[in-house]
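So you can see what is in the structure, the chains are spelled out below.
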Amino acid sequence: MSGAQLLALGLLLLAGFLIGGVISFGRERRWIPAGILALLAVVAAVAAVLRLV
């Protein structure tokens, strides 16, 4: 695996972790932190995809 692929994998793992936080905050009806984590998860996932391309 190259460095870019490892970075992309790390970003995808980070996105998954952040999505777990979104689910956790969403169940507690805390929408502002859930929205922030969702935005960060999307940014991490997009960055990972762009790294792979």
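Values in this document were obtained by computation on a predicted structure and should not be read as measured data. Note on numbering: residues in each chain are counted from 1, in written sequence order. Local features in this predicted model are restricted to residues whose pLDDT is 70 or higher, and side-chain atom pairs enter the listing and the counts only when it is 80 or higher, whereas totals over whole chains, interfaces and linings include all residues. Side-chain numbers come from the whole structure's heavy atoms, not from hydrogens or water.

J.: Can you help me understand the overall build of the protein chain in this one?
T.: On a plain count of helices and strands, the protein chain comes out with 2 helices and 0 strands. Seen through its principal axes, the protein chain has C-alpha atoms that stretch 40 × 15 × 10 Å. The rule is simple: take the accessible area with a 1.4 Å probe, protein chains only, and divide by the maximum for that residue type; under 20% is buried, over 50% is exposed, in between is partly exposed. Across the 53 residues of the protein chain, 21% fall into the buried class. Accessible area for the protein chain stands at about 3900 Å²; split by element, carbon and sulfur atoms hold 75% of it. Strands here are runs of E lasting at least two residues and helices are runs of H or I lasting at least four, both read from the DSSP assignment and numbered beginning at the N terminus. Shrake-Rupley sampling with a 1.4 Å probe provides the accessible areas, and residues are treated as covered by the protein chains on show and by no other component.

J.: Would you take a moment to explain unusual backbone geometry for this structure?
T.: Most peptide bonds adopt trans geometry, and most residues besides glycine take a negative phi value. Even without being a glycine, Arg29 presents a positive backbone phi close to 60 degrees. A relative accessible area of 61% means that Arg29 is categorised as exposed.

J.: Looking at this model, I keep getting lost on the environment of Leu14. Mind explaining?
T.: Along the polypeptide, Leu14 turns up in helix α1 (residues 3–27). Leu14 sits 27 residues away from Ala41 along the chain, and the two C-alpha atoms are 7.3 Å apart.

J.: Would you take a moment to explain α1 for this structure?
T.: Side chains three or four residues apart in an α-helix point the same way, a direct result of the helix having 3.6 residues per turn. Helix span, as expected, comes to 1.5 Å for every residue beyond the first. Counted at 1.5 Å a residue, the expected span for α1 with its 25 residues is 36 Å, and the 36 Å between its end C-alpha atoms agrees. Those residues of α1 that sit buried are Ala8, Leu11, Ala15, Leu18, Gly21 and Gly26. At its buried positions, α1 is contacted by α2 (31–52). Looking one or two places after α1, you find Arg29, whose phi comes out positive at around 60 degrees. It only takes one pair of heavy atoms within 4.5 Å for two residues to be counted as in contact.

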